[in-house]
Amino acid sequence: MRWVVTGAAGFIGSHLSEALLAAGHDVVGVDAFTDYYDVALKEENARGLDVRRLDLAVDDLELDGVDGVFHLGGQPGVRSFGDVFDVYARNNLVASRRVFEAAARAGVRVVFASSSSIYGDAERYPTAEDVEPRPISPYGITKLGCEHLARAYAQGFGLDVVVLRFFTFYGPRQRPDMAFARIVDALARDTSFELYGDGLQSRAFTYVADGVEAIVTAMERGRGGETYNVGGGSEATMRDAIATLEDVSGRSLDLVQRPAAKGDVRRTAPDTARVERDLGWRATTSLPGGLKAQWDWAANRVAAR
Ligand code: UGA
């Protein structure tokens with residue numbers, strides 16, 4: 001099969017592309033290589049992949065001969081207040097609408113990467129997909145807007161779309177603005193880590209290889225028009241996760257306490273009944289196991305420099 005992966009030079013997109021290639025598929029990667037974080041890291045992620053530079057907000061996505069689109073490209077990061085909203089609106093809403101329209105026209109399935117952040121401080125935990133979404137970050141609002149656009153294109157133009165809500169993916173190549181990437185970097189280079197808030201906020205941290213399995217399975221057998229939580233396995237507070245990382249690295253973290261960040265939710269925890277039932281998927285990597293892999297990756301890179 002021949003798949004398009006948008007955001008193929010990103011953290012999750014590069015892992016997904018490698019998994020598809022390893023399974024014998026053709027992968028056409030596209031990425032805008034925006035400077036949200038160091039472009040050199042994206043170029044490193046994309047090594048060994050065929051990734052074309054494309055800005056989906058203006059460039060057309062060519063889908064002749066393609067079997068489906070994994071739409072992971074976009075503007076990430078929940079701490080998204082301020083004038084950067086223009087960038088979130090453009091790279092998420094404007095770009096995704098164009099991807100949905102192109103896929104509807106070509107008659108190919110889209111698996112869309114949405115986010116746990118659309119729940120905000122959720123009404124219920126664990127949170128099922130039909131809970132009322134109440135995002136508290138501009139980023140989450142654009143992701144929810146994308147979900148609605150996907151449904152509008154499904155309704156109006158027959159788009160075959162499966163929406164996945166990712167819960168804080170981590171592992172090797174994690175985006176450098178995310179907590180674990182900063183922590184392993186601080187541990188490896190003996191610098192400090194700024195902890196936002198009291199550290200008792202918790203997340204359903206999801207190991208990237210587990211998440212990639214769910215993404216591929218959603219393309220193969222997700223129900224058209226359905227929305228699935230992709231997360232779980234290991235809910236932990238930031239304090240728990242830091243303790244585990246200190247343990248796996250054998251080092252102690254220099255922690256600097258900062259005020260809580262606006263847009264951050266207190267807790268995420270998915271109800272995974274639907275994804276387990278329809279996709280036969282559940283996260284299997286333990287937090288210590290996944291953090292060990294991320295630590296080893298980061299420590300090797302720092303040592304090689
Ligand atoms: C992550 C991703 O960054 C989003 O793109 C994604 O949409 C979201 O997961 C999701 O679940 O869908 P987040 O949960 O905020 O967002 O993940 P981290 O950036 O790893 O932050 C985890 C916690 O660590 C947050 O409470 C954050 O405030 C805290 N943190 C982060 C710090 O204390 N210091 C930092 O330097 C960075």
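Our structure's up above, just so we're on the same page.
For clarity, every value in this text was computed on a predicted model and none was experimentally measured.

Draft legend 1. Main features of the packing of aromatic side chains. Enumeration according to the criterion identifies eleven aromatic pairs in this entry. Each ring, one from Tyr36 and one from Tyr37, has its centre 6.3 Å from the other, and the planes form 70 degrees; the classification is edge-to-face. By relative accessible area, Tyr36 is classed as partly exposed at 29%. Given the relative accessible area of 10%, Tyr37 is considered buried. For the ring pair Tyr88 and Tyr139, a centre distance of 6.1 Å and an interplane angle of 75 degrees mean the geometry is edge-to-face. Highlighted residues: Tyr88 in helix 3 (residues 85-106) and Tyr139 in helix 4 (residues 138-157), separated in sequence by 51 residues. Judged by relative accessible area, Tyr88 falls into the buried class, the value being 3%. Here Tyr139 falls in the buried class, since its relative accessible area comes to 9%.

Draft legend 2. Structural context of the environment of Glu147. With respect to the helices and strands, the residue Glu147 is situated in helix 4. Exposure remark for Glu147: the relative accessible area of 0% places this residue in the buried category. Residues Glu147 and Val163, spaced 16 residues apart in sequence, show a C-alpha to C-alpha distance of 7.0 Å. Aside from chain neighbours lying at most four places away, what touches Glu147 is Phe112, Ser114, Ile118, Val163 and Arg165. Polar side-chain contacts of Glu147 include one of 2.6 Å to the side chain of Ser114.

Draft legend 3. Geometry of unusual backbone geometry. Residue Pro126 follows Tyr125 across a cis peptide bond; omega there is -15 degrees. Residue position: Pro126 is located in the loop between strand 5 (109-115) and helix 4. For Thr168, which is not glycine, the phi dihedral falls at a positive 30 degrees. One can find Thr168 in the loop between strand 6 (161-166) and strand 7 (169-170). Located in the positive-phi region is Asp190, a residue other than glycine, with phi close to 60 degrees. The class for Asp190 is exposed, based on a relative accessible area of 70%.

Draft legend 4. Region of the structure containing empty space enclosed by the protein. The tally for this structure, following the rule as stated, stands at two cavities of 30 Å³ or more. In this structure, the second largest cavity spans a volume of roughly 40 Å³. For the second largest cavity, the full set of lining residues is Ser116, Tyr119, Gly120, Ala122, Tyr125, Thr127, Phe167, Arg267, Thr268 and Ala269. Residues belonging to the lining of the second largest cavity are distributed by class as follows: five nonpolar, four polar and one charged. No fewer than three residues from each of domain 1 (2-170 + 207-230) and domain 2 (179-202 + 234-269 + 284-303) sit in the lining of the second largest cavity.

Rules and cut-offs
- Residues numbered from 1 in each chain as written.
- Predicted model: local features only at pLDDT ≥ 70, side-chain atom pairs only at ≥ 80, totals over all residues.
- Heavy atoms only, no water.
- Phe/Tyr/Trp six-rings, centres within 6.5 Å; stacked < 30°, edge-to-face > 60°.
- Buried < 20%, exposed > 50% of the residue type's maximum accessible area, 1.4 Å probe, protein only.
- Helix = DSSP H or I, 4+ residues; strand = E, 2+ residues; numbered from the N terminus.
- Contact = heavy atoms within 4.5 Å.
- Polar contact = N/O pair within 3.5 Å; in protein donor to acceptor, adjacent residues only side chain to side chain.
- 1 Å grid on protein atoms, 1.4 Å probe; cavity = no way out; pocket = protein on both sides within 12 Å on 5 of 7 lines; lining within 4 Å.
- Points joined across faces, edges and corners; volume = space filled by probe spheres on them.
- Nonpolar A, V, L, I, M, F, W, Y, C, P; charged D, E, K, R; others polar.
- Domains from an automatic or database assignment.

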